[in-house]
Amino acid sequence: MPTSSSADVYEDILINVTPFETRVAVIEQGAVQELHVERSIQRGQVGNIYLGRVVRVLPGMQSAFVDVGLERAAFIHIADLRENRSERSQGVTPTPIEKLLFEGQTLMVQVIKDPLGTKGARLSTQISMAGRMLVYLPHDPHIGISQKIDSESERAQLRERLQALMPAEEKGGFIVRTQAEGSTDDELHADVEYLRKLWSSVQAAARSQPAPALLHQDLTLAQRVLRDMVGPHTGTIRVDSRTTTASLIEWARLYTPSVVERISHYSGERPLFDTANVDEEIQRALSRRVDLKSGGYLIIDQTEALTTVDVNTGGFVGGRNFDDTIFKTNLEAAQAIARQLRLRNLGGIVILDFIDMEDAGHRDTVLAELRKALSRDRTRMTVNGFTQLGLVEMTRKRTRDSLAHQLCESCPTCQSRGHVRTARTICYEILREILREARQFNPKEFRILASQDVVDLFLEEESQHLAMLGDFVGKKVSLEVEASYTQEQYDLILV
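Residues numbered from 1 in each chain as written. Predicted model: local features only at pLDDT ≥ 70, side-chain atom pairs only at ≥ 80, totals over all residues. Heavy atoms only, no water.

Here we look at the sheet that holds strand β10 (residues 134-137)
If you walk across this open sheet you meet the 4 strands as β9-β10-β12-β11, and the pairing is mixed. Of all the strands in the sheet, just β9 (129-130) and β11 (143-145) have a single pairing partner and so form its edges. In this structure, β9 lies alongside β10, joined through 2 bridges in antiparallel fashion. In the sheet register, Ala-130 faces β10, and the bridge partner there is Val-135. Along the sheet, helix α2 (residues 152-165) contacts β10, β11 and β12 (173-176); its crossing angle with β11, the most-contacted strand, is approximately 150 degrees. (Pairing = 2+ DSSP bridges. Helix = DSSP H or I, 4+ residues; strand = E, 2+ residues; numbered from the N terminus. Contact = heavy atoms within 4.5 Å. Axes fitted to C-alpha atoms, helices over the stretch in contact; angles between N-to-C directions.)

Below is the structure:
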């Protein structure tokens, strides 16, 4: 474990591995802070590097098909050839694809778009390899800075620092990622060394294997955890798969040696995630309501445009007076909100509706507590002060799908409205439907097929209305329960 003061808070990482998915939980002070899920069936090929063989050149489309060993031949357009990009940047008339590629040619390529439907993967010869702080461009000797780093002085400083860290013999270049803001020279140097070593292994594989061959597969979730999440405040990294533990230790020895001693295999009798109640936390993270220890609660609603968080006092009456109760609830909510944003991986625009506070000092304290709690989040964000309406507006960078989008789907019963029409509403809709049909048709009987709740209501509280309607249309109306129907489903059969 890294040396630090006793006041430091350490994060423990739990990695649960099964043949069908890998799940990662980040635990801090006994509470789950982050969850990551990668399912085997959903893992794509984007980022993979192959040694391919050109099987067909299409001059009319300025494209070619390349066999990289996948189910279907992959596709490369002239715009994705490194030579073409170089010529265009120099203002030279681009060489046609039939003069650059020929059938049977061996080509190192990278997947930039996964296969879709009947289309094969899309390829590029412009290789790029992502690290924690940097993206390595082995064929492109320049240093670029992420456009999301706004400060000109920070951009210039990062460029100068990276230039000084690059080995004299380096022929490639780097793009500085957003995560590099505030990074140290040691962190940048570690990334440079890691990416150069990775590229050397790709080149070695290309020399020793015949085409088609996979030279480099984009990192697994467990490996990305070692690359992107492990830092000075990481405690233990426990993995419940012996094979994965061994492969992670081997990978760490090559690329992140300082991490090796923290990786261990978990072989306890209880499932690894049960030791920190992670599965229970996942269930809670999929709920709208988050209960606070004081008795207050949050309501979190995720929509297409933004996420809203509403703070409520609930049953909390612990303050000296009402203002004190509100203040304490908002302070507790600020910490809970920061944790929930990480846990649920909520990105984009987030609107926080704290309970109204009259005291400006209270508002400043709550905002400071929120910023302090958010500072432990690895994801970039901005937080604005209270608006005139008493709302706090903030943004959190979208890095991957939210937990709810990964694990849930739209409700077939309510069509994602979040609520269903009451049994009484459905009863009245059915009665109106009978009236409508009776004007057009002359059946012997109307038979209603509906859910148990709707039929029960017709037999009890709405029995008088049903009888009156039967008398009015002069037809028999019968009821039948359809167990498979949801509350909103029904059929009206004309017999």
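Let us keep going from here.
Side note on the layout of surface pockets
As a volume, the second largest pocket reaches approximately 980 Å³. As for the second largest pocket, its lining consists of 32 residues, and the residues nearest its centre are Gln-302, Thr-303, Ala-404, His-405 and Cys-408. Looking at the lining of the second largest pocket, the elements with two or more residues in it are β17 (297-302), β18 (306-312) and α9 (403-407). For the lining of the second largest pocket, the per-class residue count stands at 10 nonpolar, 13 polar and 9 charged. (1 Å grid on protein atoms, 1.4 Å probe; cavity = no way out; pocket = protein on both sides within 12 Å on 5 of 7 lines; lining within 4 Å. Points joined across faces, edges and corners; volume = space filled by probe spheres on them. Nonpolar A, V, L, I, M, F, W, Y, C, P; charged D, E, K, R; others polar.)

Notes on empty space enclosed by the protein
A complete count under the given rule lists 1 cavity of 30 Å³ or more for this structure. What the largest cavity holds in volume is close to 40 Å³. The wall of the largest cavity is formed by Asp-323, Ile-326, Phe-327, Asp-356, Met-357, Glu-358, Asp-359 and His-362. With 3 residues, the top contributor of residues to the lining of the largest cavity is helix α7 (residues 322-344). A per-class count over the lining of the largest cavity returns 3 nonpolar, 1 polar and 4 charged.

Quick word on the nonpolar core
Counting residues in each nonpolar core, the largest one holds 49 residues, and the members touching the most others are Leu-134, Leu-226 and Ile-263. Looking at which element gives the most residues to this core, the answer is helix α3 (residues 185-208), with 9 residues. Taken domain by domain, this core gets at least three of its residues from each of domain 1 (11-40 + 219-278) and domain 2 (48-216). The residues contacting Leu-134, other than those within four sequence positions of it, are Met-129, Leu-162, Phe-174, Ile-175, Val-176, Arg-177, Leu-188, Asp-191, Val-192 and Leu-195. (Core = buried A, V, L, I, M, F, W, Y, C linked by side-chain atoms within 4.5 Å. Buried < 20%, exposed > 50% of the residue type's maximum accessible area, 1.4 Å probe, protein only. Domains from an automatic or database assignment.)

Regarding the pattern of salt bridges
Counted according to the given criterion, the structure contains 23 salt bridges. Across the pair Glu-34 and Arg-342 runs a salt bridge whose closest N-O atoms are separated by 2.6 Å. Of this pair, Glu-34 sits in strand β3 (residues 31-39) while Arg-342 sits in helix α7, and the two are 308 residues apart along the sequence. In this structure, Glu-34 and Arg-342 share a single accessibility class: buried. Note that Arg-196 and Glu-169 form a salt bridge whose closest N and O atoms lie 3.1 Å from each other. Of this pair, Arg-196 sits in helix α3 while Glu-169 sits in the loop between α2 and β12, placing them 27 residues apart in sequence. (Salt bridge = Lys/Arg side-chain N within 4 Å of Asp/Glu carboxyl O.)

Notes on the packing of aromatic side chains
Each pair of aromatic rings is reported with the distance of its centres and the angle of its planes. Applying the stated criterion to the full structure yields 4 aromatic pairs. Plain terms: the ring middles of Tyr-194 and Trp-251 are 5.9 Å apart, the flat faces sit at 65 degrees to each other, and that makes the pair edge-to-face. Taken together, the positions of Tyr-194 in helix α3 and Trp-251 in helix α5 (residues 242-255) put the pair 57 residues apart, joining distant regions of the chain. As far as the burial class goes, Tyr-194 and Trp-251 line up, both buried. Note that Arg-289 overlies the ring of Tyr-297, its terminal NZ or CZ placed 3.8 Å from the centroid. (Phe/Tyr/Trp six-rings, centres within 6.5 Å; stacked < 30°, edge-to-face > 60°. Lys NZ or Arg CZ within 6 Å of the ring centre and 35° of its normal.)

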